[in-house]
Each structure stands twice: as structure tokens, then as C-alpha cells.
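Listed below are the residues making up each chain.
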Protein chains: 2
Amino acid sequence: MKKGLLIVLSGPSGAGKGTLLAEVKKKGLDFVLSISVTTRQPRNMEVDGVNYFFKTKEQVKNMIANGELLESKQVYGDEYYGTSKQFVEMNLNAGRDVVLEIDTEGAFEVKSKMPDAVLIFIVPKDLETLHARLVGRGTETAEQVAKRFGKAKEEIAKAVRYDYLIINDNIDTCAEEFISIVKCEKLKVHYESNKKLIEQLI
Amino acid sequence: MKKGLLIVLSGPSGAGKGTLLAEVKKKGLDFVLSISVTTRQPRNMEVDGVNYFFKTKEQVKNMIANGELLESKQVYGDEYYGTSKQFVEMNLNAGRDVVLEIDTEGAFEVKSKMPDAVLIFIVPKDLETLHARLVGRGTETAEQVAKRFGKAKEEIAKAVRYDYLIINDNIDTCAEEFISIVKCEKLKVHYESNKKLIEQLI
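Think of each chain on its own: its residues are numbered from 1, step by step along the sequence as written. Going through the entries in the order they are written, you letter the chains from A and number the ligands from 1. Side-chain atom pairs in this predicted model are given and counted only at pLDDT of 80 or more, local residue features only at pLDDT of at least 70, and totals for whole chains, interfaces and linings cover all residues. As a rule here, side-chain values cover all heavy atoms of the structure and leave hydrogens and water aside.

1. Details of the side chain of Lys188 of chain A
Now for step 1: By the element assignment, Lys188 of chain A lies in the loop between helix 7 (171–185) and helix 8 (192–201).
Now for step 2: Counted as a polar contact is a pair of N or O atoms within 3.5 Å, where, for protein atoms, one must be capable of donating a hydrogen and the other of accepting one, and residues adjacent in sequence contribute only when both atoms are in side chains. There is a polar contact of 2.9 Å between the side chain of Lys188 of chain A and the side chain of Glu185 of chain A.
Now for step 3: Contacts are assigned to residue pairs that have any heavy atoms within 4.5 Å of one another. When neighbours within four sequence positions are excluded, Lys188 of chain A is seen to be in contact with Tyr164 and Asn194 of chain A together with Asp163, Tyr164 and Lys188 of chain B. Starting at the N terminus, helices and strands are each numbered in turn, a helix being any DSSP run of H or I of at least four residues and a strand any DSSP run of E of at least two.

2. Overview of the sheet that holds strand 5 (residues 69–75) of chain B
Residues and elements named next belong to chain B.
Now for step 1: Read across the sheet, 4 strands follow the order 4-3-6-5 without closing on themselves; strand pairing throughout is mixed. Across the chains shown, the open sheet's two edge strands, defined by having one partner strand only, are strand 4 (53–54) and strand 5.
Now for step 2: Sitting on the sheet, helix 2 (residues 57–65) is in contact with strand 3 (36–38), strand 5 and strand 6 (79–84), with an inclination near 45 degrees to strand 6.
Now for step 3: Inter-axis angles, ranging from 0 to 180 degrees, are taken between N-to-C directions of lines fitted to C-alpha atoms, where helices are fitted over the stretch in contact. Lying on the sheet, helix 3 (residues 85–93) is in contact with strand 4, strand 5 and strand 6; it crosses strand 6 at an angle near 25 degrees. Paired strands, as defined in this entry, are two strands with at least two bridges between them according to DSSP.

3. Considering the interface of chain B and chain A
Now for step 1: On the chain A side, the residues contacting the 28 residues of chain B number 28 residues.
Now for step 2: Contact between chain B and chain A buries roughly 2,700 Å² in total, counting both sides, with carbon and sulfur atoms accounting for 77%.
Now for step 3: Criterion for a salt bridge: a side-chain nitrogen of Lys or Arg within 4 Å of a carboxyl oxygen of Asp or Glu. The interface formed by chain B and chain A holds 0 salt bridges in total.
Now for step 4: For the pair chain B and chain A, the interface holds 4 residue pairs in polar contact (both at pLDDT 80 or more).
Now for step 5: Here the element with the most residues in the side of chain B that touches chain A is helix 8 (residues 192–201) of chain B; it accounts for 5 residues.
Now for step 6: In the scheme used here, Gly and all other residues not listed as nonpolar or charged are polar, with Ala, Val, Leu, Ile, Met, Phe, Trp, Tyr, Cys and Pro taken as nonpolar and Asp, Glu, Lys and Arg as charged. For the side of chain B that touches chain A, the per-class residue count stands at 19 nonpolar, 3 polar and 6 charged. Here the quantity called buried area is the total loss of accessible area, with a 1.4 Å probe, experienced by two parts when brought into contact, counted for both.

4. Regarding the pattern of salt bridges
Now for step 1: Tallied over the full model, the rule gives 26 salt bridges over all chains.
Now for step 2: Here Glu46 of chain A ties to Arg40 of chain A by a salt bridge, and the two come within 2.9 Å at their closest N and O atoms.
Now for step 3: A salt bridge links Lys188 of chain B to Glu185 of chain B, with the nearest nitrogen and oxygen atoms 2.9 Å apart. Side by side, Lys188 of chain B and Glu185 of chain B carry an identical accessibility label, which is buried. Note on exposure labels: buried denotes an accessible area under 20% of the residue type's maximum, exposed denotes more than 50%, and partly exposed covers the range between, all computed with a 1.4 Å probe on protein chains only.

5. Regarding the confidence of the model for chain A
Residues and elements named next belong to chain A.
Now for step 1: With 99% of its residues at a pLDDT of 70 or more, chain A has an overall mean of 94.
Now for step 2: Averaged pLDDT values for the elements of chain A fall to 84 in helix 5 (residues 127–136) and rise to 98 in strand 1 (residues 6–10).
Now for step 3: Here the predicted complex carries an ipTM of 0.89, next to a pTM of 0.90. The score called pLDDT rates the predictor's confidence residue by residue, from a low of 0 to a high of 100.

6. Remarks on the pairing of strand 7 (residues 97–101) of chain B
Residue and element names in this part refer to chain B.
Now for step 1: Strand 7 sits mainly inside the fold: 4 of its 5 residues count as buried.
Now for step 2: Bridge analysis of strand 1 (residues 6–10) against strand 7 gives 4 bridges, and the strand direction is parallel. The residue of strand 7 that forms the bridge with Leu9 is Glu101.

7. So, the relation of the copies chain B and chain A
Now for step 1: Least squares is the method used to superpose the copies, on C-alpha atoms of residues holding a pLDDT of at least 70 in both. If you rotate chain B by 180 degrees and push it 0.0 Å along the axis, it lands on chain A with an RMSD of 0.0 Å. Each copy turns onto its partner about a two-fold axis. It is Ser180 of chain B whose C-alpha, among those of chain B, lies nearest the rotation axis, at 3.0 Å.
Now for step 2: The share of interface residues of chain B whose copies in chain A are also at the interface is 100%, consistent with both copies meeting through the same surface.

8. Section: the nonpolar core
Looking at soluble globular proteins, one finds that nonpolar side chains tend to be buried together.
Now for step 1: If you look at the biggest cluster of nonpolar residues, it comprises 48 residues, and the most contacted ones within it are Ile120 and Phe178 of chain A together with Ile120 and Phe178 of chain B.
Now for step 2: Those residues in contact with Phe178 of chain A that lie beyond four places of it in its chain are Ile7, Leu9, Leu20, Leu21, Val24, Leu29, Val99, Ile120 and Ile166 of chain A. Nonpolar cores are built from buried Ala, Val, Leu, Ile, Met, Phe, Trp, Tyr and Cys residues. Side-chain atoms within 4.5 Å join them into one set.

9. Focus on the state of the cysteines
Now for step 1: Put simply, a disulfide is two cysteine sulfurs that come within 2.5 Å. Taken as a whole and judged by the stated rule, the model has 0 disulfides over all chains.
Now for step 2: Distance from the sulfur of Cys174 of chain A, which forms no disulfide, to the nearest cysteine sulfur (Cys184 of chain B) is 13 Å.
Now for step 3: The thiol of Cys184 of chain B is unpaired, and the distance to the nearest cysteine sulfur, on Cys184 of chain A, comes to 3.0 Å.
Now for step 4: Given the relative accessible area of 0%, Cys184 of chain B is considered buried.

And the structure:
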């Protein structure tokens, strides 16, 4: 059984992460989107173990203390969000590729714990497009947009520590690039099944 | 202008390097196969600057001394073979991808001088296939085949220091994998044009 690949996808708001993953799925790449652990209350229709793993703060603090989360953060000093190590490893060991859609801070935390994780960053093709997409949501004040724009640029600056950059000019091309990356990573010499084949041949 | 990618392809005799490159070309990947420098005499129909760059031993020794060869070796203590740095850099700078078909020793020499080079190793799917292909040539004695077989295993052992492993089970799949690798390498964050885009966005 070939072990699955752990893929981390990050990018500023409005870069198109969700659209990309939907397109990748549509093109037939079979992957598991990680289900986050959270302490916030379930909203309408949200189901434990489907949308999130709902936990109490006490539980999450224990999970962190026991090293059971690959990454975690406390948003506005209040609710916790994190990625369950057990969920990820269970899927990888079953040969399934797992995608985490998380921010740069989380990505680096995951990479430090799972060095084989592949880090992909998606960016809009230029700043005008990024700005337009943030404004385009139409739900925020100019000040809020400016703040998100600044935050987006800060995130993009961290892309240099990622493995791959996908430029969102055309979502179809982006999805093909994402799928190519997953294929290529399995051609790497250090990918488990390849290391084994080399051993068999020598 | 995007700089081209330098790709090194190695693999034991009989692994299918030549067939792979022909298939890759047929599938439309535009690359330049490096023309080696050699001191051996031109054979029938061989043209200087097309099949080889024919040089005297004196010239090659000077090229080595002046760092003008990316890799070189003297075969059976006699003729020299090498890769011209100028030829490779000229093509890369013109945006063309360059493929070097060389052995592991040459590959590591190139990598030390051009750290961005991508090292691809091709292997037959199992030892029986490798052996059958060596015998299949039908031009050598059992002893010669045994020697080549031993040498092939030695080469394969060095594949662990390569970037990618292509398993030659089906040449069509191999060619697609080769093309995917070239595409993916250009999605790497450290690929020149990607680094520039990140700088523009922040």
C-alpha cells in the first residue's frame, strides 16, 4: 500500500483556494479534505465529524499538550481551530492524499512536524485582481478591505518558504497544475514506494 | 524571458533513456538535447556542432582547466567526453530547456556546478527486465553481460541522490511523467519567474 501525500494549500483571501479544490475534485483527483477541530459552536446543519470535529476548550488544550494536533491557533484569543494528527495519519496510511487548507503559520507548523508535507501557495496574477476580489465581496467597509489587503500581502511574502506557486489566472490551468504537482511528488526519489523499488533493484 | 530548465537524465544501459526522450519530443515538449564535446574522431556522417563538438585533447584539457565544462570524463584513460557550459547556458538563457543524457558521476558534477539542475533517473521495473534488455542486444558474451549488469546495479544505487525516479513499465506513461516533471519544476517557488512575481505582489 502506497502511503498518501500530505498537501497544504494556502493563499490570501480571494486567491481562489476553494474554487481550485472544487475544480481539482471535478477533474477526478481523489483526495480527502482535512476536517478541522474547533471549539466554536456548531452552526445550522453542521455535523460533528463532517464539517468539524467539535471539541471543548478543555479537550483542545489537552490535545495540544499531548501533541495530538499538527497545527492549531486561537482566533482573537477566543476559539481554537486545529488539525487532528490522528485524522491525517489515518488517511495517509490508508493511501489517501490529504489536503489541508490552512494559513501560512499553520503550514509551517505542519511542515515542522511532517517534513514530507508538500506546501502549495496560490496567488492572484496581480495586485489589482487581489484587490478587486476583496472589494468584490461587497460586505466590508473600505477600511476592512484595506486591512485584509495588507494582511494578504503579508501572507504572500511568506510564499517564498513554500514548495510550489500556483498563479490563478485561469482556474482550469490551476487545477491541472495542482494535479501535476501531486503526481510529480510521487515520482520523487524519496517517495516511499520509490525508495523501496531502488532497494529491490540493487 | 523565462530561463530554461536544466534536466539531467540518467539510467543504466537498457533502461530506455533514448526511447523516452524520443517519445517526449513526439508528445511536443520542446527541449534541446545537449551536444557533447569529445576528443574521439568523427565517424561517418558525423558533423561538428551537430553530433558532437569535436576537439583535440589539448583543447579539452584547456577547457577543463578554464572551467568551461560542466562535467567531463576520460573513457578508458583515452578519449575525453564532456558537456560545454557555454552551450548549456546559452540555451537556458534563451529560455530553452536543456536535457543532458549522462551517467551518475557526470550528473553529480553538473549538480554541484548548477544546483538548479533537475536530476531524473529512469529504471526498468525489475531486475529481470533489466537483465533481459542487456542480453537482448545479443552482441555481447555472457561475461560482458554480467559485467554490464553489475555496473547497472551500481548506477541504480546512486539514484537515491537524484530528484525523480521514472519507472519504465510503459514508455507512454514515462514520457508523460517526464513532461509533468518539467512543468512542475516551473511551479517551484524558487523558479526565477515565480520569485519575481512574489516580489511584485508584496
